[in-house]
Amino acid sequence: MESIVTKRQLIPGWIAVAIVAIIASFWAYWGGIENFHEGWYSNNIWENIFMMLVQYWSLTLVFIIIGLVGIRFPIASLVLCIIIGIGAAVFLSGASFSVLWLMIIIPLAGLGLLFFFGRAKPRKIAYLLVYALPIIILIITSTFGFIRVSKRIDDGDYGQRRVEAGSVCLIWAPRGPGWPDDGASYDEAKEICARLNKDGTEILDEKVEIWRLPTVEEAVASQMLHGENAGGKWDSEDENVIYIFTPDKETPLWDPRSKVIYYWTDTIESEEKAFIIVYNGGVFSRSMESQYGYLSFRAVKECAD
């Protein structure tokens, strides 16, 4: 027989449910989009699924579990939140106090206390809010992302590619040192381009200046969708880009099976920042020292008519 629930218990209980539903839904939206933006590139379906669950859906699943436990076992939810907080402290040991304590540990403890002192009744409605709403959002965002990714063009040609767009005609480097599958800083990318041999397959001891990074105007103009030029134009005054069609991560410019989703351009914004281009055509400035796996480059050279 269920115990009697007072109004004082309902208020913190439903506040806790609302918090969990909002946070889980937010991460569901983010995870569903990001999974098919920067993830889902492996040839191995199980690797894609593992990455999806661990890297992109994990926070949604964690808060759904917190909500389900909190609704059914209010006392145990406080213990669960403390355990998750301790795990976060270990995993994020190098994080600042404001990030680790003010944004993670203390809010988790507060959420556990809300469930501990509160009760969410009727339970069926509470359950629907904490798991059904986030899952629906995950399904919707993931469905659109999966459809888009499944339509990507991959012709399997990762050699030198000639791409023409109006007055822009460039040869894009083949897979290798001029088109690596690893991250590189702006200066590293510039240095490698300057030392590439004529075929773009070897790094020479001295600079020969055959290859270079594309300018942001050239990179934007060269973007494609399903084999058609995307009609991109870069407005240098407003630092804005416009396309007729939104590009995608496809050959001939991109490798759909690579983790790389950003390329450096040769155009600098300031002494410390240069522009990068995203596979979907977006242009942003980043610190020239930025170096992570998803940010790389592809060297170009002028077309030889």
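Below is a summary of the structure that appears in this document. On a predicted model such as this, the values are computed, not experimentally measured, just so you know.

Once that is clear, we can look at the pairing of strand β8 (residues 273-278). Along any regular strand the residues' side chains alternate between the sheet's two faces. Of all six residues in β8, five are buried; the element is thus mostly enclosed. Sheet analysis places strand β7 (residues 262-268) next to β8, joined by four bridges and oriented antiparallel. Residue pairing for β8: W264 is matched across the bridge by I276. Here β7 folds back onto β8 in antiparallel fashion, the turn holding four residues. Looking at chain direction, β8 and strand β9 (residues 283-287) are connected through five bridges and run antiparallel. The residue bridging I277 from the neighbouring strand is V283, located in β9. The antiparallel pairing of β8 with β9 creates a hairpin that spans four residues between the two strands, and G281 there sits at a positive phi of about 95°.

All right, on to a nonpolar patch on the surface then. A cluster of nonpolar side chains, namely F97, V99, W101, L102, M103 and I106, defines an oily patch on the protein surface of about 620 Å² accessible area. On the secondary structure map, V99 appears in helix α5 (residues 97-117).

Another point: the pairing of strand β2 (residues 168-172). Here β2 lies mainly inside the structure; five of its five residues are buried. Burial along β2 is two-sided: V168, L170 and W172 and C169 and I171, pointing in opposite directions, are all buried. Both strand β1 (residues 161-165) and β2 contribute to a ladder of five bridges, which runs antiparallel. Each bridged residue has a counterpart across the sheet, and for V163 the counterpart in β2 is L170. If you look at the hairpin formed by β1 and β2, you'll find two residues sitting between the two strands, and G166 has a positive phi there, around 65°. Where β2 meets strand β11 (residues 300-302), three bridges bridge the pair, whose relative direction is antiparallel. Pairing of L170 across the sheet is with E302, part of β11.

A separate point is unusual backbone geometry. Glycine aside, the phi torsion of most residues is negative, and most peptide linkages are trans. The step from K121 to P122 runs through a cis peptide bond, and the omega angle for that step is 0°. The omega angle of the peptide bond from T251 to P252 is 15°, so this bond is cis rather than trans. Mapping P252 onto the fold places it in the loop between β6 (240-242) and β7. Of note, W40 is a non-glycine position whose phi angle comes to about 55°, a positive value. The exposure class of W40 is buried, given its relative accessible area of 10%. Notably, E239 is not glycine yet its phi reads approximately 50°, a positive angle.

Rules used throughout
- Residues numbered from 1 in each chain as written.
- Predicted model: local features only at pLDDT ≥ 70, side-chain atom pairs only at ≥ 80, totals over all residues.
- Heavy atoms only, no water.
- Buried < 20%, exposed > 50% of the residue type's maximum accessible area, 1.4 Å probe, protein only.
- Helix = DSSP H or I, 4+ residues; strand = E, 2+ residues; numbered from the N terminus.
- Pairing = 2+ DSSP bridges.
- Patch = residues over 30% accessible without salt bridge, like charges linked within 9 Å, V, L, I, M, F, W, Y side chains within 5 Å.
- Areas by Shrake-Rupley, 256 points an atom, 1.4 Å probe, with all protein chains shown as cover.
- Salt bridge = Lys/Arg side-chain N within 4 Å of Asp/Glu carboxyl O.

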